[in-house]
Amino acid sequence: MTKRAGDIELVKVSKRYSGAAAVDDVSIAIEAGEFVTVLGPSGCGKSTLLRMVSGFVEPDEGDVRIGGASVTGLPPYRRDTAMVFQDYALFPHRTVAQNIAFGLRMRRMEKSQIARKVDAMLELLNLAGFGNRRIGEISGGQAQRVALGRALVVEPAVLLLDEPLGALDLKLRKQMQAELKGIHRKLKLTFIAVTHDQEEALNLSDRIAVMNAGRIEQFADPETIYNRPASRFVADFVGEANLFDATVIGPGMAQLVGDGSTVALSGDGLPPPGSRLTLAVRPEAIAVAATGKGVAAIIEDILFSGSVRRIVGRLANGQRVTAMQPAAAFTPALGQSAVFAWTAEAAWIIRP
Amino acid sequence: MERISGGSPTILPSQRRRRRFALAGLAPLVLWQLVFFVVPLLILLVISFWTMRNYRLEPGFSLENYRAVFADPALWRSLVLSLETAFFVTLACALLGYPVAYFIAKKAGRFRIVLLIAVIAPFWISIVMRISAWRILLGENGVINQALISLGLTSEPLGGLLYSPVSTAIGLVYAYLPLYVLPLYAAIDRIQDSWIDAAKDLNAGPVRAFLEVTLPLSLPGLVVGAVFCFIFGLGEFVTPALLGGGKQLLIAQIIQDEFQRRQDWPGGAAIAMVLLAIVFTLLLLSMRYLRIASGERP
């Protein structure tokens, strides 16, 4: 089989359903061989975006390109993509091997060659010996792998995964994450996955596109997404974040709105005094002390979970602040006043 | 898909009591069926071995009646004609019913319930009235001939429309179409759209996706509908009596003739038994198929 460029480009695509935009003027370029996850809450348009690449949804506006060539208007069976469906969509009247062979048969491959490729795929997915099972006779994890194999065996330019691990229990999900990543590394195909599980996105992807209300809020590698979120939404959706509205009061200084506490800011090109901005601080970057410099809060809740302790306090402006620190660190008592402190570098500035 | 696992689970006494209670609820129906279906059938079976002498039933054990069923060419012809008619009606119902069932299950959206009721609605009117209406449509001075003449498509009315095996078949297709549409609808409704999408995603065009996924998964519905149509069609009496014209008789008309006009009860009973044997064989075969299709190993 000839090598094809698996790079994907969506150019200003939009899709409206009865007036409401499911996908709103989205442009994104994905490189060949990349593992990209589209992450967002349900109804954010991420599935619509995926189905635009596969051909099940036609954009109202914009262009979809695979390997540099426009595929807009082409039906799914003329696109070099393969999809792992959310419910796997395995053919119930076919065996495991027949399911995997399906795409090869549709491409009119020779019988002996199909048999060879199916066997190799069963081997790759640790399904050897399960070829003759009926779909009703395999477990959820196996079904997931059969769905993956059925799509991978046709060697598509792009593999699309719609909530691929959503139906599995936690332990199996962890295991399949590792397997999925291993397969991607081995095959070097372009993978585009859609998920609402931020941990899955962080674990799997080379780059994550965070989607909200039909738009891509940020498209970057997992570390950037986590450490330097581009918007309030990203900071809040990916991981846990304390978001503080603040006003710049001087060089490297800001005051929390409605609270009066001052906090240090770092970085160049800070907005001039009087500007409003939002600070995002991860709970693990906050230390709690009895006294000292920082933001004062009344301790409302303490949750011990083995290695760490979550401490929730309420600021003078009524806002809640969450810190997560080693269980061995200082622990205030409930109802007591304590100081929540973080370094200037830990406060990521989100401009409105 | 349901699978029955091997081995019988242990039944608790409370469960047994509940099961006995449920069975007690079935008792009236079972009794009714016994008295008014099974017993008459057994009587019919016994009579089929008796003989007729001087217009009187004579008990005994004779296979003469069964020999006659296969030896009498007229009987044989109408049995074959009945099988042919039932086969044709089944085929026509399948071809006409499939698009209807597919549309209701997959494309009708919120009109689904309305359309399903429309499919069932003819059952609210007696079959005799509905079939009589076809006489008005198909007759020599009927609606269809009148229309053809006034459109200038023909100068003479078409005579063969009514009182022929063709008109019987038309009436039967009309009468049984809902019987075919309903099981087909149920089967097609269970086919997930994502299965069809998956086929298309794996490079199957619309036709191949239909042949590879939709059609094989509709098979249970096609089989159930065919069983309904074929079995009812094989034993149908009213429609051929009203539309068939009496020149070429179907097997049910022959049976009626034996009992009523010729007063040959044993002869009629034997034909009925042969018909019943055919029907039972078909039922067993289709049930066997459905059990395998639903995932039970034979």
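Residues numbered from 1 in each chain as written. Chains lettered and ligands numbered in written order. Predicted model: local features only at pLDDT ≥ 70, side-chain atom pairs only at ≥ 80, totals over all residues. Heavy atoms only, no water.

### Concerning the environment of Arg 77 of chain B
Residues and elements named next belong to chain B. Take Arg 77: it is sitting in helix 3 (residues 73–107). On the basis of relative accessibility, which here comes to 58%, the residue Arg 77 falls in the exposed class. Taking the C-alpha atoms as reference points, Arg 77 and Val 274, 197 residues apart in sequence, are found 14 Å from one another. (Helix = DSSP H or I, 4+ residues; strand = E, 2+ residues; numbered from the N terminus. Buried < 20%, exposed > 50% of the residue type's maximum accessible area, 1.4 Å probe, protein only.)

### Brief notes about the interface of chain A and chain B
It is common to give the size of an interface as the accessible area that goes away when the parts come together. Listed as interface residues are 28 residues of chain A and, on the opposing side, 24 residues of chain B. Buried surface at the junction of chain A and chain B, summed over both partners, amounts to about 2,200 Å²; 57% is from carbon and sulfur atoms. One can count three salt bridges joining chain A with chain B. Notably, a salt bridge pairs Arg 51 of chain A with Asp 197 of chain B, separated by 3.0 Å at the nearest N-O pair. In this structure, the connection of chain A to chain B is made through nine residue pairs in polar contact (both at pLDDT 80 or more). Every element with two or more residues in the side of chain A that touches chain B is listed here: helix 1 (46–54), strand 6 (81–84), helix 2 (96–106) and helix 4 (140–152) of chain A. Class assignment of the residues belonging to the side of chain A that touches chain B gives a composition of 14 nonpolar, four polar and ten charged. (Contact = heavy atoms within 4.5 Å. Buried area = accessible area lost by both parts, 1.4 Å probe. Salt bridge = Lys/Arg side-chain N within 4 Å of Asp/Glu carboxyl O. Polar contact = N/O pair within 3.5 Å; in protein donor to acceptor, adjacent residues only side chain to side chain. Nonpolar A, V, L, I, M, F, W, Y, C, P; charged D, E, K, R; others polar.)

### With respect to the domain arrangement of chain A
Residue and element names in this part refer to chain A. By domain assignment, chain A separates into domain 1 (8–236) and domain 2 (242–350). Listed per partner, the contact involves ten residues of domain 1 and eight residues of domain 2. Both sides of the domain 1 and domain 2 interface together cover about 800 Å² of buried area, and 54% of this is carbon and sulfur. For the interface between domain 1 and domain 2, the tally reads one salt bridge. Residue Asp 245 is joined to Arg 232 by a salt bridge in which the shortest nitrogen-to-oxygen separation is 2.9 Å. Here domain 1 is connected to domain 2 by six residue pairs in polar contact (both at pLDDT 80 or more). When residues of the side of domain 1 that touches domain 2 are traced back to their parent elements, those giving at least two are helix 7 (222–227) and helix 8 (232–237). When its residues are assigned to classes, the side of domain 1 that touches domain 2 shows five nonpolar, two polar and three charged. (Domains from an automatic or database assignment.)

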